[in-house]
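# Close look at the chain arrangement
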Amino acid sequence: MHPLKHIEAGVLDIAYFETGAADGAPVFLMHGFPYDIHTYAEVAPMLADAGCRVIVPYLRGYGATRFLDAATPRSGEQAALGADLLALMNALHVPRAVLAGYDWGGRAACVVAALWPERCAGLVSFNSYNIQNIAKGMEPEKAENEHRYWYQYYFHNERGRAGLEKDRRGITRLLWKLWSPTWTFDDATFEHSAAAFDHPDFVDVVVHSYRHRFGLVPGDPAYDYIERQLAAQPPIAVPTITFDGIDDGVREPADASAHAAKFTGQRSHRLVPGVGHNMPQEVPRLFADAVLELTPNLHS
(Lines give C-alpha, C1' and ligand atoms only; values in the text may rest on other atoms or scores of the structure.)
Protein backbone atom coordinates (compact mmCIF):
# COMPACT_ATOMS: atom_id res chain seq x y z
CA MET A 1 0.00 0.00 0.00
CA HIS A 2 2.82 2.36 -0.91
CA PRO A 3 3.75 4.91 -2.01
CA LEU A 4 1.15 7.15 -0.42
CA LYS A 5 -0.17 10.30 -2.05
CA HIS A 6 -1.35 13.41 -0.20
CA ILE A 7 -3.96 16.01 -1.04
CA GLU A 8 -5.59 18.84 0.89
CA ALA A 9 -9.31 18.16 1.11
CA GLY A 10 -11.62 20.07 3.43
CA VAL A 11 -10.03 20.30 6.88
CA LEU A 12 -7.53 17.51 6.20
CA ASP A 13 -4.33 16.67 4.43
CA ILE A 14 -5.50 13.22 3.37
CA ALA A 15 -3.00 10.43 2.81
CA TYR A 16 -4.22 7.81 0.37
CA PHE A 17 -3.04 4.90 -1.71
CA GLU A 18 -3.96 4.87 -5.37
CA THR A 19 -3.57 2.13 -7.92
CA GLY A 20 -4.94 1.28 -11.34
CA ALA A 21 -5.51 3.24 -14.52
CA ALA A 22 -5.96 6.99 -14.09
CA ASP A 23 -8.91 6.85 -16.49
CA GLY A 24 -10.40 3.70 -14.96
CA ALA A 25 -13.72 3.38 -13.16
CA PRO A 26 -13.17 5.28 -9.88
CA VAL A 27 -13.64 3.31 -6.68
CA PHE A 28 -13.15 4.54 -3.11
CA LEU A 29 -12.42 1.87 -0.50
CA MET A 30 -13.06 3.07 3.05
CA HIS A 31 -11.62 1.38 6.13
CA GLY A 32 -13.12 1.13 9.61
CA PHE A 33 -12.11 1.19 13.27
CA PRO A 34 -9.74 -0.20 14.40
CA TYR A 35 -8.27 -0.96 10.99
CA ASP A 36 -6.53 0.96 8.22
CA ILE A 37 -5.88 0.95 4.47
CA HIS A 38 -4.16 -2.47 4.66
CA THR A 39 -7.66 -3.93 4.93
CA TYR A 40 -7.68 -3.54 1.15
CA ALA A 41 -4.16 -4.83 0.42
CA GLU A 42 -5.61 -7.67 -1.66
CA VAL A 43 -8.84 -6.03 -2.83
CA ALA A 44 -7.12 -2.99 -4.37
CA PRO A 45 -4.93 -4.88 -6.87
CA MET A 46 -7.84 -7.11 -7.86
CA LEU A 47 -9.86 -4.03 -8.78
CA ALA A 48 -6.89 -2.37 -10.49
CA ASP A 49 -6.34 -5.49 -12.59
CA ALA A 50 -10.00 -5.25 -13.64
CA GLY A 51 -9.44 -1.71 -14.93
CA CYS A 52 -10.53 0.40 -11.95
CA ARG A 53 -8.94 3.50 -10.53
CA VAL A 54 -8.72 2.56 -6.86
CA ILE A 55 -8.39 5.14 -4.07
CA VAL A 56 -7.89 4.01 -0.47
CA PRO A 57 -7.67 6.91 2.03
CA TYR A 58 -6.67 6.97 5.67
CA LEU A 59 -9.59 8.32 7.69
CA ARG A 60 -9.17 11.28 10.01
CA GLY A 61 -7.14 10.23 13.05
CA TYR A 62 -5.36 7.39 11.23
CA GLY A 63 -2.01 6.89 9.55
CA ALA A 64 -0.53 9.80 7.64
CA THR A 65 -3.76 11.82 7.31
CA ARG A 66 -3.47 15.07 9.28
CA PHE A 67 -5.66 17.99 10.28
CA LEU A 68 -4.60 21.21 8.58
CA ASP A 69 -5.42 23.40 11.58
CA ALA A 70 -4.63 22.63 15.21
CA ALA A 71 -7.87 24.39 16.19
CA THR A 72 -10.16 22.06 14.21
CA PRO A 73 -12.19 19.85 16.58
CA ARG A 74 -11.02 16.25 16.50
CA SER A 75 -14.49 14.99 15.76
CA GLY A 76 -15.24 11.40 14.89
CA GLU A 77 -18.93 11.96 14.17
CA GLN A 78 -20.57 10.41 11.14
CA ALA A 79 -21.17 13.76 9.45
CA ALA A 80 -17.46 14.53 9.56
CA LEU A 81 -16.57 11.18 8.00
CA GLY A 82 -19.05 11.71 5.18
CA ALA A 83 -17.86 15.28 4.63
CA ASP A 84 -14.25 14.07 4.46
CA LEU A 85 -15.09 11.56 1.73
CA LEU A 86 -17.01 14.14 -0.28
CA ALA A 87 -14.15 16.64 0.10
CA LEU A 88 -11.67 14.01 -1.13
CA MET A 89 -13.80 13.29 -4.19
CA ASN A 90 -13.95 17.02 -4.90
CA ALA A 91 -10.22 17.51 -4.43
CA LEU A 92 -9.46 14.64 -6.80
CA HIS A 93 -12.04 15.93 -9.30
CA VAL A 94 -13.98 12.66 -9.23
CA PRO A 95 -17.60 13.54 -10.02
CA ARG A 96 -19.01 10.05 -9.50
CA ALA A 97 -17.64 6.79 -8.09
CA VAL A 98 -18.46 3.44 -6.58
CA LEU A 99 -18.14 3.75 -2.79
CA ALA A 100 -17.35 0.70 -0.69
CA GLY A 101 -16.60 0.20 2.97
CA TYR A 102 -17.43 -1.19 6.38
CA ASP A 103 -17.66 0.17 9.93
CA TRP A 104 -16.59 3.85 9.99
CA GLY A 105 -15.68 3.78 6.31
CA GLY A 106 -18.96 2.16 5.38
CA ARG A 107 -20.72 4.88 7.33
CA ALA A 108 -18.90 7.58 5.35
CA ALA A 109 -19.93 5.86 2.12
CA CYS A 110 -23.56 5.56 3.26
CA VAL A 111 -23.65 9.26 4.19
CA VAL A 112 -22.47 10.33 0.74
CA ALA A 113 -24.78 7.84 -0.99
CA ALA A 114 -27.79 9.09 0.97
CA LEU A 115 -27.18 12.83 0.86
CA TRP A 116 -25.31 13.23 -2.45
CA PRO A 117 -26.60 10.34 -4.56
CA GLU A 118 -25.46 12.00 -7.77
CA ARG A 119 -21.87 11.37 -6.61
CA CYS A 120 -22.37 7.65 -5.97
CA ALA A 121 -22.81 5.22 -8.86
CA GLY A 122 -23.04 2.27 -6.51
CA LEU A 123 -22.56 1.38 -2.86
CA VAL A 124 -21.07 -1.68 -1.18
CA SER A 125 -21.89 -1.52 2.52
CA PHE A 126 -21.07 -4.11 5.16
CA ASN A 127 -23.75 -4.14 7.89
CA SER A 128 -26.24 -2.55 5.47
CA TYR A 129 -27.62 0.87 6.47
CA ASN A 130 -24.74 2.28 8.47
CA ILE A 131 -26.07 5.74 9.33
CA GLN A 132 -26.50 6.16 13.07
CA ASN A 133 -29.84 7.06 14.59
CA ILE A 134 -28.43 9.19 17.39
CA ALA A 135 -31.87 10.12 18.74
CA LYS A 136 -32.29 6.46 19.68
CA GLY A 137 -28.71 5.95 20.80
CA MET A 138 -29.61 5.51 24.46
CA GLU A 139 -32.31 2.92 23.85
CA PRO A 140 -31.03 -0.41 25.18
CA GLU A 141 -30.77 -3.50 23.01
CA LYS A 142 -31.00 -7.13 24.04
CA ALA A 143 -28.35 -8.35 26.46
CA GLU A 144 -26.25 -10.16 23.85
CA ASN A 145 -25.83 -6.97 21.83
CA GLU A 146 -25.13 -4.83 24.86
CA HIS A 147 -22.34 -7.25 25.73
CA ARG A 148 -20.82 -6.79 22.25
CA TYR A 149 -20.70 -3.00 22.76
CA TRP A 150 -18.53 -3.04 25.89
CA TYR A 151 -15.75 -1.11 24.14
CA GLN A 152 -18.14 1.73 23.26
CA TYR A 153 -19.22 2.11 26.88
CA TYR A 154 -15.58 1.89 27.94
CA PHE A 155 -14.76 4.90 25.76
CA HIS A 156 -17.61 6.87 27.30
CA ASN A 157 -15.54 7.55 30.41
CA GLU A 158 -12.05 8.85 31.08
CA ARG A 159 -10.83 5.42 32.16
CA GLY A 160 -11.49 4.26 28.60
CA ARG A 161 -9.68 7.23 27.10
CA ALA A 162 -6.69 6.59 29.35
CA GLY A 163 -6.80 2.87 28.55
CA LEU A 164 -6.75 3.47 24.81
CA GLU A 165 -3.93 5.99 25.16
CA LYS A 166 -1.91 3.58 27.28
CA ASP A 167 -2.45 0.40 25.29
CA ARG A 168 -3.64 1.14 21.74
CA ARG A 169 -2.32 -2.15 20.41
CA GLY A 170 -3.65 -4.27 23.24
CA ILE A 171 -7.20 -2.95 22.92
CA THR A 172 -7.33 -2.93 19.14
CA ARG A 173 -5.84 -6.40 18.80
CA LEU A 174 -8.43 -7.73 21.24
CA LEU A 175 -11.18 -6.17 19.13
CA TRP A 176 -9.78 -7.81 16.00
CA LYS A 177 -10.00 -11.20 17.70
CA LEU A 178 -13.47 -10.68 19.15
CA TRP A 179 -14.95 -9.24 15.99
CA SER A 180 -13.53 -11.81 13.55
CA PRO A 181 -13.31 -15.05 15.55
CA THR A 182 -12.84 -17.24 12.48
CA TRP A 183 -10.09 -15.09 10.91
CA THR A 184 -6.53 -16.14 11.68
CA PHE A 185 -4.13 -13.22 11.33
CA ASP A 186 -0.45 -13.08 12.25
CA ASP A 187 1.61 -10.46 14.07
CA ALA A 188 2.87 -8.90 10.86
CA THR A 189 -0.66 -8.42 9.51
CA PHE A 190 -1.75 -6.70 12.70
CA GLU A 191 1.35 -4.49 12.88
CA HIS A 192 0.86 -3.27 9.32
CA SER A 193 -2.41 -1.72 10.49
CA ALA A 194 -1.53 -0.94 14.11
CA ALA A 195 1.08 1.60 13.05
CA ALA A 196 -1.82 3.77 11.84
CA PHE A 197 -3.12 4.00 15.42
CA ASP A 198 0.01 5.88 16.56
CA HIS A 199 -1.53 9.00 14.99
CA PRO A 200 -1.47 11.88 17.51
CA ASP A 201 -5.23 12.45 17.11
CA PHE A 202 -6.31 8.79 17.06
CA VAL A 203 -7.51 8.66 20.65
CA ASP A 204 -9.35 11.97 20.51
CA VAL A 205 -11.16 11.07 17.28
CA VAL A 206 -12.09 7.58 18.50
CA VAL A 207 -13.35 8.75 21.87
CA HIS A 208 -15.40 11.54 20.30
CA SER A 209 -16.94 9.11 17.81
CA TYR A 210 -18.15 6.71 20.48
CA ARG A 211 -19.47 9.47 22.70
CA HIS A 212 -21.16 11.47 19.95
CA ARG A 213 -23.12 8.51 18.56
CA PHE A 214 -24.85 8.19 21.95
CA GLY A 215 -25.58 11.90 22.17
CA LEU A 216 -23.15 12.34 25.06
CA VAL A 217 -21.08 15.13 23.50
CA PRO A 218 -21.80 17.79 20.88
CA GLY A 219 -20.46 17.53 17.38
CA ASP A 220 -18.36 19.97 15.43
CA PRO A 221 -20.71 22.89 14.59
CA ALA A 222 -19.29 22.90 11.08
CA TYR A 223 -21.19 19.65 10.41
CA ASP A 224 -24.48 20.51 12.12
CA TYR A 225 -26.23 20.90 8.77
CA ILE A 226 -25.23 17.37 7.78
CA GLU A 227 -26.17 15.87 11.14
CA ARG A 228 -29.62 17.44 10.87
CA GLN A 229 -30.15 15.67 7.56
CA LEU A 230 -28.85 12.38 8.94
CA ALA A 231 -31.21 12.65 11.91
CA ALA A 232 -34.05 12.14 9.45
CA GLN A 233 -32.53 8.75 8.53
CA PRO A 234 -32.51 9.49 4.79
CA PRO A 235 -32.99 6.49 2.50
CA ILE A 236 -30.34 5.30 0.09
CA ALA A 237 -31.56 5.20 -3.50
CA VAL A 238 -28.39 4.24 -5.39
CA PRO A 239 -27.72 0.65 -6.53
CA THR A 240 -26.41 -1.17 -3.48
CA ILE A 241 -24.90 -4.47 -2.40
CA THR A 242 -25.00 -5.08 1.36
CA PHE A 243 -23.36 -7.79 3.41
CA ASP A 244 -23.46 -9.25 6.89
CA GLY A 245 -20.91 -11.70 8.20
CA ILE A 246 -22.42 -14.72 9.93
CA ASP A 247 -19.55 -14.63 12.46
CA ASP A 248 -19.47 -10.85 12.96
CA GLY A 249 -18.64 -10.14 16.60
CA VAL A 250 -20.02 -6.58 16.49
CA ARG A 251 -23.32 -6.70 14.64
CA GLU A 252 -25.67 -9.65 14.49
CA PRO A 253 -26.27 -10.79 10.92
CA ALA A 254 -29.72 -9.87 9.66
CA ASP A 255 -31.75 -10.71 6.59
CA ALA A 256 -32.66 -8.11 4.00
CA SER A 257 -35.91 -7.15 5.73
CA ALA A 258 -34.11 -5.58 8.70
CA HIS A 259 -33.00 -2.56 6.67
CA ALA A 260 -35.31 -2.85 3.66
CA ALA A 261 -37.07 0.46 4.28
CA LYS A 262 -33.75 2.32 4.14
CA PHE A 263 -32.97 1.25 0.58
CA THR A 264 -35.35 2.60 -2.02
CA GLY A 265 -33.26 1.63 -5.03
CA GLN A 266 -31.94 -1.68 -6.33
CA ARG A 267 -30.37 -3.65 -3.47
CA SER A 268 -28.90 -7.12 -3.06
CA HIS A 269 -28.27 -8.30 0.50
CA ARG A 270 -25.95 -11.24 1.17
CA LEU A 271 -25.06 -13.23 4.28
CA VAL A 272 -21.50 -14.53 4.28
CA PRO A 273 -20.67 -17.67 6.30
CA GLY A 274 -17.33 -17.80 8.09
CA VAL A 275 -16.80 -14.04 7.93
CA GLY A 276 -16.45 -11.67 10.85
CA HIS A 277 -16.37 -7.86 10.88
CA ASN A 278 -13.39 -7.19 8.61
CA MET A 279 -14.85 -8.63 5.43
CA PRO A 280 -12.52 -7.06 2.81
CA GLN A 281 -9.46 -8.53 4.50
CA GLU A 282 -11.06 -11.86 5.36
CA VAL A 283 -12.59 -12.60 1.92
CA PRO A 284 -11.04 -10.07 -0.47
CA ARG A 285 -12.18 -11.77 -3.67
CA LEU A 286 -15.81 -11.73 -2.60
CA PHE A 287 -15.63 -8.06 -1.68
CA ALA A 288 -13.83 -7.09 -4.89
CA ASP A 289 -16.37 -8.97 -7.01
CA ALA A 290 -19.21 -7.05 -5.35
CA VAL A 291 -17.54 -3.75 -6.24
CA LEU A 292 -17.09 -4.92 -9.83
CA GLU A 293 -20.80 -5.74 -10.07
CA LEU A 294 -21.52 -2.05 -9.57
CA THR A 295 -18.85 -0.40 -11.71
CA PRO A 296 -20.94 -0.69 -14.93
CA ASN A 297 -23.31 1.85 -13.33
CA LEU A 298 -20.62 4.49 -13.86
CA HIS A 299 -21.41 4.35 -17.57
CA SER A 300 -25.19 4.59 -17.20
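Moving on, we come to the packing of helix H2 (residues 78–91) against helix H3 (residues 103–115). Each pair of packed helices can be described by the angle between their axes along with the distance between the axes. For the pair H2 and H3, the least separation of the axes is 8 Å and the interaxial angle reads 70°. Classified by the interaxial angle, the pair formed by H2 and H3 is roughly perpendicular. From H2, Gln78, Leu81, Gly82, Leu85, Leu86 and Met89 reach across to H3, where they touch Trp104, Arg107, Ala108, Ala109, Val111 and Val112.

Let us now look at the layout of surface pockets. Considered as a void within the structure, the largest pocket measures approximately 1,100 Å³ in volume. In terms of lining residues, the largest pocket is bounded by 38 residues, among which Gln132, Asn133, Glu141, Tyr149 and Arg251 are the most central. Elements represented by at least two residues in the lining of the largest pocket include exactly H3, helix H4 (143–148) and helix H5 (150–154). For the lining of the largest pocket, the per-class residue count stands at 16 nonpolar, eleven polar and eleven charged. Estimates place the volume of the second largest pocket at around 170 Å³. Every residue lining the second largest pocket is counted, 13 residues in all, and those nearest its centre are His38, Ala41, Glu42, Thr189 and Gln281. At the level of secondary structure, the elements contributing two or more residues to the lining of the second largest pocket comprise helix H8 (187–194) and helix H11 (279–282). Considered class by class, the residues forming the lining of the second largest pocket number five nonpolar, six polar and two charged.

Below, the discussion takes up the pattern of salt bridges. Counted by the stated rule, this structure contains 14 salt bridges. One salt bridge connects Glu191 with Arg169, and the closest N-O pair in it is separated by 3.3 Å. Taken together, the residues span a long stretch of sequence, with Glu191 in helix H8 and Arg169 in helix H7 (residues 168–179) at a distance of 22 residues. Where salt bridges share partners, they join Glu158, Arg161, Asp204 and Arg211 into one cluster.

With their axes 9 Å apart at the nearest point, H2 and helix H10 (residues 224–231) run at an angle of 110° to one another. Judged on the interaxial angle alone, H10 and H2 are roughly perpendicular. Viewed along their axes, H2 and H10 form a crossing whose handedness is right-handed. Packed against H2, whose contacting residues are Gln78, Ala79 and Ala83, the element H10 presents Ile226, Glu227 and Leu230 at the interface. Of the residues assigned to the contact of H2 with H10, the class counts are four nonpolar, one polar and one charged.

All right, on to H10 then. Turning to H10, its buried residues are Ile226, Glu227 and Leu230. Taken around the axis of H10, the buried residues stretch over an arc of 100°, which confines them to a single face. Within H10, the exposed residues directed more than 90 degrees away from the buried face are Arg228 and Ala231. For H10, the elements touching its buried residues are H2, H3 and helix H9 (202–212). Positive phi shows up at Gln233, right after H10, with a value of about 50°.

Here we come to the environment of His277. Structurally, the position occupied by His277 is in the loop between strand S9 (267–272) and H11. In this structure, the C-alpha to C-alpha distance between His277 and Gly245, residues 32 residues apart in sequence, is 6.5 Å. Contacts of His277, omitting those with residues within four sequence positions, involve Tyr35, Tyr102, Asp103, Phe126, Asn127, Trp179, Ser180, Asp248, Val250 and Glu282. Here Asp248 takes part through its side chain, which lies 3.1 Å from a polar atom of the side chain of His277.

Another point: the side chain of Ser209. Within the secondary structure, Ser209 sits in helix H9. Overall, Ser209 belongs to the buried group, its relative accessible area being 3%. Each residue touching Ser209, except ones within four places of it in the same chain, is listed here: Gly76 and Trp104.

Turning our attention to a nonpolar patch on the surface. A cluster of nonpolar side chains, contributed by Trp150, Leu174 and Leu178, occupies part of the molecular surface with about 240 Å² of accessible area. A residue is classified by how much of its surface remains accessible, and Leu174, at 37% relative accessible area, is partly exposed.

A few words now on the side chain of His259. You can see His259 is positioned in the loop between strand S8 (240–245) and S9. Residues contacting His259, with those up to four places away along its chain left out, are Asn127, Ser128, Tyr129, Arg251 and Arg267.

Moving on to the nonpolar core. If you look at the biggest cluster of nonpolar residues, it comprises 101 residues, and the most contacted ones within it are Phe28, Leu29 and Phe33. Setting aside residues no more than four positions away along its own chain, Phe28 makes contact with Ile55, Leu85, Leu88, Met89, Leu92, Val94, Ala97, Val98, Leu99 and Ala100.

Calculation criteria
- Residues numbered from 1 in each chain as written.
- Predicted model: local features only at pLDDT ≥ 70, side-chain atom pairs only at ≥ 80, totals over all residues.
- Heavy atoms only, no water.
- Axes fitted to C-alpha atoms, helices over the stretch in contact; angles between N-to-C directions.
- Helix = DSSP H or I, 4+ residues; strand = E, 2+ residues; numbered from the N terminus.
- Parallel < 35°, antiparallel > 145°, perpendicular 65-115°, else oblique.
- Contact = heavy atoms within 4.5 Å.
- 1 Å grid on protein atoms, 1.4 Å probe; cavity = no way out; pocket = protein on both sides within 12 Å on 5 of 7 lines; lining within 4 Å.
- Points joined across faces, edges and corners; volume = space filled by probe spheres on them.
- Nonpolar A, V, L, I, M, F, W, Y, C, P; charged D, E, K, R; others polar.
- Salt bridge = Lys/Arg side-chain N within 4 Å of Asp/Glu carboxyl O.
- Left-handed = near helix turned anticlockwise from the far one by under 90°.
- Buried < 20%, exposed > 50% of the residue type's maximum accessible area, 1.4 Å probe, protein only.
- Arc of directions from axis to C-beta.
- Polar contact = N/O pair within 3.5 Å; in protein donor to acceptor, adjacent residues only side chain to side chain.
- Patch = residues over 30% accessible without salt bridge, like charges linked within 9 Å, V, L, I, M, F, W, Y side chains within 5 Å.
- Areas by Shrake-Rupley, 256 points an atom, 1.4 Å probe, with all protein chains shown as cover.
- Core = buried A, V, L, I, M, F, W, Y, C linked by side-chain atoms within 4.5 Å.

Just geometry here; none of it tells us what the structure is for.
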